[in-house]
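An overview of the molecular structure
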Amino acid sequence: MRETIRALGHEHVSAEHASTFEVTSDDWLTPAGDCILAVEADRTPADFDDAFVEACQSHDATIQVSVEIDSGARTYEQVVAGRGHPDLTFEGDRSIVFRTSDYVDDRTGMVGAEHAAAGFDRELVDALADGAELTLTIQVE
């Protein structure tokens, strides 16, 4: 099962956060938002299918997040693996956050992520800072 979100990069994308990465439906970003990869997301966790949410609500669930960027000149893709958790609700209506920790709130889309924003390829981050389009695909098995 999978869910897909489309969003846009922003000039303040720095991807320096050490424990999370995030995509938000907000249309703005300040330099302090160092975990945010993209803004103006077309969907939030509250939009996800109930069967998808249920599949993620297990410690045994494997979740993979594919981040694809089309900068016009080049395409980038990076996959981050993590796991599900029984407390995942996907009720957040503004943003989705992927965490290296086991912390869960209504915005959490994955725990135990292999890396956070700081682990993304710097060319991919630069493309986002230039306003590239992002497609984020979340797959659960």
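Every chain is numbered on its own, with residues counted from 1 as its sequence reads. For a predicted model such as this one, the threshold for reporting local features is a pLDDT of at least 70, and the threshold for listing and counting side-chain atom pairs is 80 or more; totals across whole chains, interfaces and linings nevertheless cover every residue. Values reported for side chains reflect all heavy atoms of the structure, with hydrogen atoms and water molecules removed beforehand.

This part takes up the environment of R99. Mapping R99 onto the fold places it in strand β6 (residues 95–99). Residue R99 is classed as buried on the basis of its relative accessible area, which comes to 7%. Distance in space between the C-alpha atoms of R99 and R83 is 9.8 Å, their sequence separation being 16 residues. One polar contact links R99 to T108, side chain to side chain, over a distance of 2.9 Å. Going along the chain from the N terminus, every DSSP run of H or I of four or more residues is numbered as a helix, and every run of E of two or more is numbered as a strand. Only protein chains enter the area calculation, which uses a 1.4 Å probe; residues under 20% of their type maximum are buried, those over 50% are exposed, and those in between are partly exposed. In the analysis that follows, any N or O atom pair within 3.5 Å is treated as a polar contact, provided that within protein one partner can donate a hydrogen and the other can accept it, and provided that, for residues neighboring in sequence, both atoms belong to side chains.

It is worth spelling out the sheet that holds strand β7 (residues 108–110) at this point. In a beta sheet, neighbouring strands pair by backbone hydrogen bonds and run either parallel or antiparallel. Taking strand neighbours across the sheet as the criterion, the four strands line up as β3-β2-β6-β7 in an open arrangement whose pairing is mixed. Looking along the sheet, the strands with just one partner apiece sit at the ends: β3 (36–38) and β7. Within this sheet the neighbouring strands show an average axis-to-axis angle of 30°, counted without direction. For two strands to count as paired, DSSP must find a minimum of two bridges between them. Throughout, an axis means a line fitted to C-alpha atoms (over the contacting stretch in the case of helices), and angles, computed between N-to-C directions, take values from 0 to 180 degrees.

Now for the layout of surface pockets. Here the largest pocket is characterised by a volume of approximately 170 Å³. Lining the largest pocket are 13 residues; nearest its centre among them are E22, T24, D26, I36 and R94. Using protein atoms alone on a 1 Å grid, points that fit a 1.4 Å probe yet trap it form a cavity, whereas open point sets bounded by protein on both sides within 12 Å along at least five of seven lines form a pocket; residues with an atom within 4 Å of a point count as lining. Grid points are joined across faces, edges and corners, and a volume is the space filled by probe spheres set on the points.

So, on to the packing of aromatic side chains. Pairing of aromatic rings covers Phe, Tyr and Trp, the last through its six-membered ring, and needs centres within 6.5 Å; plane angles under 30 degrees mean stacked, over 60 mean edge-to-face, and all others mean tilted. Across all of its chains, the model carries five aromatic pairs by this definition. On the numbers, 5.0 Å between centres and 80° between planes, the contact of F21 with F120 is edge-to-face. Pair noted here: F21 is in strand β2 (residues 20–24) and F120 is in the loop between β7 and α2 (122–129), with a separation of 99 residues, a long-range link. Judged by centre distance (5.7 Å) and plane angle (45°), the rings of F48 and F90 are tilted. Of the two residues, F48 sits in the loop between β3 and α1 (50–56) while F90 sits in the loop between β5 (75–83) and β6, which places them 42 residues apart along the sequence.

Across the sheet, four strands lie side by side as β1-β8-β4-β5; this open sheet has antiparallel pairing. The open sheet has two edge strands, β1 (2–8) and β5, and neither has a second partner. Here the strands of the sheet are splayed against their neighbours by 15° on average, with no regard to which way each runs. Where strand β4 (residues 62–70) meets strand β8 (residues 133–140), eight bridges bridge the pair, whose relative direction is antiparallel. Looking at β8, one finds that D70 is bridged to E133.

Patch definition: residues with relative accessible area over 30% and no salt bridge; like charges joined within 9 Å; nonpolar side chains (Val, Leu, Ile, Met, Phe, Trp, Tyr) joined within 5 Å. For the accessible areas, the method is Shrake-Rupley and the probe is 1.4 Å, while residue cover comes only from the protein chains on display. For this document, the term salt bridge refers to a Lys or Arg side-chain nitrogen within 4 Å of an Asp or Glu carboxyl oxygen. Charge convention: Lys and Arg are scored as positive, Asp and Glu as negative, and His as well as the terminal groups of each chain are ignored. All charge positions are set by atom: Lys at NZ, Arg at CZ, Asp at CG, Glu at CD. On the surface, a cluster of negative charge is contributed by D42, D47, E91, D93 and D106. Note that D47 resides in the loop between β3 and α1. For D47, a relative accessible area of 42% translates into the label partly exposed.

In this section: the pattern of salt bridges. Tallied over the full model, the rule gives seven salt bridges. Between D26 and R94 there is a salt bridge, and its shortest N-O distance comes to 2.5 Å. Taken together, the residues span a long stretch of sequence, with D26 in the loop between β2 and β3 and R94 in the loop between β5 and β6 at a distance of 68 residues. Under the relative-accessibility criterion, R94 is labelled partly exposed at 45%. Here D105 and R99 are joined by a salt bridge, their closest N and O atoms 3.2 Å apart. The pair formed by D105 and R99 is uniform in burial state, with each residue classed as buried. Salt bridges sharing partners connect three or more residues here, namely E22, R99, D105 and R107.

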